[in-house]
Structures are given as structure tokens and as C-alpha cells.
Amino acid sequence: MQIMKSDKPALLGGTPIFDETIPITKPTIPPLSPLVKSYKKVLQTGLLTNGSHVRSFELAAQQYLGVKHVIALNSCTTGLMLLIKTLGLRGKVIVPSFSFRATGHAVVWSGCEPVFVDCDKATFNIDPDAVERAVSSETSCIIGVHVFGNPANVKRLEQITKKKKIRLFFDAAHGFGSIAQGHKIGKFGDAEVFSLSPTKLLTAGEGGLVATNDAELAEQIRTGRNYGNSGNYEHDFVGLSARMSEFNALLGVESLKILEFNIENRNRLATLYRKRLSSLPGITFQSIASGDRSTYKDLSIVIDPEQFGLSRNLLNRALTAERIETRNYFDPPIHRQKVYKDLRECREPLLPNTTWLSTRIVSLPLYSHLMADVVEKICEAVNRIHRFHREISVIGKPDEGLSV
Ligand SMILES: *Cc1c(COP(=O)(O)O)cnc(C)c1O
């Protein structure tokens, strides 16, 4: 389709760029026939959960990540909960507020108190200086997050936790396949926990993986996923029901085979987004340290309303009119969500960078089998919305205006 430069944005009455809505994300399903064959076999044997396919998946993930132990679970959230519980952690756990709510939920469910700290405006990741300021005698653990697959500053966080003799985990939900300083994410801190839910690059339908080089911790997580029963029906601690089923493991094994291809494709598409949008005023991207690799679980741009001429909220509305689905990950950030507002540690902190970022962020469609020509058209939509920013800003509601 030829796009005329004079074309009006759909929000001003022009024809939408797309005939059908482009979703923000979609899981990439591996080839069906090997899956269907194995599903049938599993049903015939009757061994439906935590069997040989779960073990094969764990071993394949272990090999890919280059870690000593991987334990498959039913989610990333239960993985974080089990880590806190098995290590008997108490008191305060430092977490970034600019993350998905599950990072906070896991801490609260485990009986600890989350202390939310600020992020870095450029990398979107937890700010090590803010972490250092937040550590107190009551801190038992820090949970870092590799936001959108961009590796957190693992080196600084390891230095801080070593010096203070506290634990370090990573909510690596977005990070399966990310690379920091030449090493795959998975080996940093005491343990890292991946999510396999359908919005993640490596999916098993649902599921989580704990990766660690600590044999004793690995054994405890294995026990913990099975109610805390270590085999003799004696319970060492109160565990969870957090096993992975054989069906999920089979999907995980097949998804792992196409993962590298998917990561490379997302990196190509992210580069294309950068090329087509970075010439516009007021649009910036997440910065990835040179030598690191992001999985681009999400592609998020930051809108400076004064320079771009439109607020983030008006851009969302204009893109929706073009039939382009957007999200604002993560707005509101965790500490500003209703259920967290009453927590003692959440009332005061202002977390200026988190507020700044969450009010300016727009996540654009990106998934592993998205075609480059669709990205081209999405970028053309953003370009034409910008060309007409004056006309669009007039129709904005007060809360969509320049002041965010
Ligand atoms: C998806 C996600 C989770 C939750 O993963 P589940 O497997 O659904 O428990 C946790 N943290 C982050 C950052 C996520 O994006």
C-alpha cells in the first residue's frame, strides 16, 4: 500500500493504516506435528506431571544457560516465593518499582516487606545507587529485574550484596536468552527465575524456571515445589504445589529450539524501530550496554511531550485509531498500585525516575514472528501522527495534554 504524505491520521478522520488491529504481542508456536505426537504419547502413558519430559526440559535449559541446576515450576511467581521461603528470609526485600506486579506480590506472599527503589532513566533497570541507599540492617535480600530483557547491572548488585552479606535474586521473567558481559542471564546472584507464560519469548503455556549454581538451594526448590516433601513424607518446611506438567514441558522443549531465531528476529525488528523513529524529536529508546544482548520481550519508547508535541496518552489514542495496539509497561509502577499504597515503606518515597518513566512510556507491537513491513507501517503511523501533532493536540482531553 502506498502511503501518501498528506494522509491524515485516523484520529483526525483519515483511513487507519491497518485494516485489522496489530496486537501488542502474540506467542510464537513451534511446529505442531512433533508436539501433537508427544502429547498423544503422554496421554497414553498416563504420567501427566513432573516426569521425564520435565526433566528433559530442565536439562535442555541448563545446557542453554550454562548453569549447574534448573528446576521447572508452574510459574515465575512461585519460584520467587519458594526462594524467599526456602532460605528463611525475613524483614525487608529491596525490589524495583518499575516492574510487573508479580515481583512485589512474591515478596508479600512470602511474609516479607517490599522496599521499592528507583530505576535508571536510560536502562529502565533498578538503580544500584538507590539500592545502596536503601539497604538497612533489616534488609535480607535484593531482587533485581532485567526489564524487557535488558540485563540489569549485575556486577554492581553482586558487589553490594556481597559487601552487605545479603541475598541476591533476579526476577529474570523477561531474560531467557539475554546476555550480560558475555554471559547468559541465569548465573547471576544466588538464583534467577524465568517466566514461561505466553507473553514471554520462551513459553511453555505457563511455567517458570529457577536457575542456580547452588546445589543445596536447587534441592530445596525441588522439595519446595512438591509441598516441601523431600520424599519420606516428612516436611522440612511449608512448600507449595508448584510442579510443571508434562504438557507444559513438551511445549517448553520445542519452544527452546526456536528461541535463538526468535531473539535474533526481535533484535532486527528493534533495530528497524530505532532507525525509523529516532529521527523524530522527543522519542528515545531503552539503552542496552554495549556487549549486552536484550531479548526485547517488549519494545518501549519514551515520549518527551514537549519535544514530540503530544503526550504519551494522546499518542496512545492516535495509534489505537490506526489499529495499532499499545501498552504502557509499567504504568502504574508497583509502588503506586492500590494494594501497595498502604505499605509503610511505600507511602513516602517519590521514586522520581520511576514516575518520570512510567508517565512517558509507550510499548509498541513486537513479537517473534512479526513481519518487518508491519513495523515499517507502524513507524509510518507514528511519523504521520507527529506531522499532525498540532491538530491532534487540540482535540486532546485535559488529562491527555502536554503536562503529564
Ligand atoms: C510475567 C512476569 C512475572 C510473572 O511470571 P509468571 O510466570 O506469570 O508468574 C514476574 N515478573 C515479571 C517482570 C514478569 O514480566
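In this text, all values refer to a predicted model and were calculated from it rather than measured experimentally.

Turning to the side chain of Asp118, a few remarks are in order. Counting through the fold element by element, Asp118 comes out in the loop between strand 3 (113–117) and helix 5 (128–134). Among the polar contacts listed, one links the side chain of Asp118 to the backbone nitrogen of Asn353, at a separation of 2.9 Å. Here Asp118 is in contact with Ile126, Asp127, Ala130, Leu351, Pro352, Asn353 and Thr354, once residues within four sequence places are set aside.

A few words on the pattern of salt bridges. If you walk through the whole model with that rule in mind, you get 17 salt bridges. Glu58 is the salt-bridge partner of Arg222, the closest N and O atoms lying 3.2 Å from each other. Of this pair, Arg222 sits in helix 7 (residues 215–224) while Glu58 sits in helix 2 (residues 52–65), and the two are 164 residues apart along the sequence. Glu58 gets classed as buried once you look at its relative accessible area, which sits at 1%. The partner of Arg312 in a salt bridge is Asp331, and the shortest N-O contact between them spans 2.6 Å. Here the residue Arg312 occupies a position in helix 11 (residues 312–321), and Asp331 occupies one in the loop between helix 11 and helix 12 (344–347), the gap between them amounting to 19 residues.

A word on the environment of Arg225. Of note, Arg225 is situated in the loop between helix 7 and helix 8 (246–257). The exposure class assigned to Arg225 is buried, which follows from its relative accessible area of 7%. Residues Arg225 and Leu277 lie 52 residues apart in sequence; the distance between their C-alpha atoms is 45 Å. When residues no more than four places from it in sequence are discounted, the contact partners of Arg225 are Asn50, Val54, Glu58, Ile71, Ala72, Leu73, Leu82, Leu240, Ser241, Ala242 and Arg243. A polar atom in the side chain of Arg225 sits 3.0 Å from the side chain of Glu58. A distance of 2.7 Å separates the side chain of Arg225 from the backbone oxygen of Ala72, its partner in a polar contact.

Attention now moves to the site of the ligand. As a matter of local geometry, the ligand sits amid 13 residues, with Thr77, Asp171, His174, Ser195 and Lys200 nearest to it. Contact distances for the ligand include 2.5 Å between an oxygen atom and a side-chain N or O atom of Thr77. Out of a free accessible area of 380 Å², the ligand has 89% covered by protein chains. Taken together, the residues of the shell around the ligand sort by class into four nonpolar, seven polar and two charged.

This part takes up the packing of helix 3 (residues 76–86) against helix 4 (residues 102–109). Their axes nearest at 9 Å, the elements helix 3 and helix 4 cross at an angle of 35 degrees. Of the two elements, helix 3 crosses helix 4, and the hand of that crossing is right-handed. Listed contacts from helix 4 to Thr77, Leu80, Met81 and Ile84 of helix 3 are Ala102, Ala106, Val107 and Trp109. For the contact of helix 3 with helix 4, the per-class residue count stands at seven nonpolar, one polar and no charged.

Now for helix 14 (residues 372–387). In this model helix 14 runs 23 Å from its N-terminal to its C-terminal C-alpha over 16 residues, within 8% of the 22 Å that 1.5 Å per residue would give. Among the residues making up helix 14, those that are buried are Val374, Val375, Ile378, Cys379, Glu380, Ala381, Val382, Asn383, Arg384, Ile385 and His386. Looking at the buried side of helix 14, the elements it contacts are helix 9 (259–277), strand 10 (283–285), helix 10 (305–308), helix 11 and helix 15 (389–395).

Here we take up helix 6 (residues 154–164). Here helix 6 has its buried residues at Val154, Leu157, Ile160 and Thr161. What you see down the axis of helix 6 is that its buried residues fit within an arc of 130 degrees, all on one side. Looking at helix 6, the residues exposed on the side facing more than 90 degrees away from the buried face are Lys155, Lys162 and Lys163. For helix 6, the elements touching its buried residues are helix 5, strand 4 (139–145), strand 5 (167–171) and strand 6 (179–180). Where helix 6 ends, the next residue or the one after it, Lys165, has phi of about 55 degrees, a positive value.

The next subject is the sheet that holds strand 11 (residues 299–303). Strand order in the open sheet formed by three strands is 10-11-12, and the pairing between neighbours is antiparallel. Each edge of the open sheet carries a strand with a single partner, namely strand 10 and strand 12 (361–364). Averaged over all adjacent pairs, the angle separating strand axes in this sheet is 35 degrees, with direction ignored. For strand 10 and strand 11, the ladder comprises three bridges, and the chain directions are antiparallel. Bridge pairing in strand 11 places Ile283 opposite Ile303. The sheet strands contacting helix 11 are strand 11 and strand 12, and the helix crosses strand 12 at an angle near 25 degrees.

Right, let's talk about the pairing of strand 8 (residues 191–195) for a bit. Most of strand 8 is tucked away: five of the five residues are buried. Here strand 8 shows two buried faces, one formed by Ala191, Val193 and Ser195 and the other by Glu192 and Phe194. In terms of strand pairing, strand 5 meets strand 8 through three bridges, oriented parallel. Paired with Phe169 across the strands is Ala191, a residue of strand 8. Where strand 8 lies against strand 9 (residues 208–212), four bridges are found, and the strand directions are antiparallel. Bridge pairing in strand 9 places Ser195 opposite Gly208.

The rules behind each value
- Sequence order as written defines the numbering, with residues in each chain counted from 1.
- The model is predicted, so local features are restricted to residues of pLDDT at least 70 and side-chain atom pairs to those at 80 or more, both for listing and for counting; the totals for chains, interfaces and linings are taken over all residues.
- For side-chain calculations, the full set of non-hydrogen atoms in the structure is used, while hydrogens and water are omitted.
- In this description a helix means any DSSP run of H or I spanning at least four residues, a strand means any run of E spanning at least two, and both kinds are numbered starting from the N terminus.
- Between N or O atoms, a polar contact is any pair within 3.5 Å; within protein, one atom must be a potential hydrogen donor and the other a potential acceptor, and residues adjacent in sequence are included only when both atoms are from side chains.
- In this description, contact between two residues means that some pair of their heavy atoms is separated by no more than 4.5 Å.
- Salt bridge, as used here, is a side-chain nitrogen of Lys or Arg placed within 4 Å of a carboxyl oxygen of Asp or Glu.
- Only protein chains enter the accessibility calculation, which uses a 1.4 Å probe; a residue is then buried when its area is under 20% of its type maximum, exposed when over 50%, and partly exposed in between.
- Distances are taken per atom, and a residue is near a molecule or strand as soon as one of its heavy atoms is within 4 Å of it.
- All accessible areas in this document rest on Shrake-Rupley with a 1.4 Å probe, and a residue is counted as covered only by the protein chains that are shown.
- Polarity classes work like this: nonpolar for Ala, Val, Leu, Ile, Met, Phe, Trp, Tyr, Cys and Pro, charged for Asp, Glu, Lys and Arg, and polar for all others, with Gly in that last group.
- Each axis is a line fitted through C-alpha atoms, and for a helix only the stretch in contact is used; angles between axes span 0 to 180 degrees, taken between their N-to-C directions.
- Crossing handedness is read from the near helix: turned anticlockwise from the far helix by less than a right angle, it gives a left-handed crossing, and turned clockwise, a right-handed one.
- Multiply 1.5 Å by the residue count of a helix minus one, and that product is the helix's expected span.
- Each C-beta atom gives one direction from the helix axis, and the arc is the one those directions make.
- If DSSP finds at least two bridges between two strands, the strands pair.

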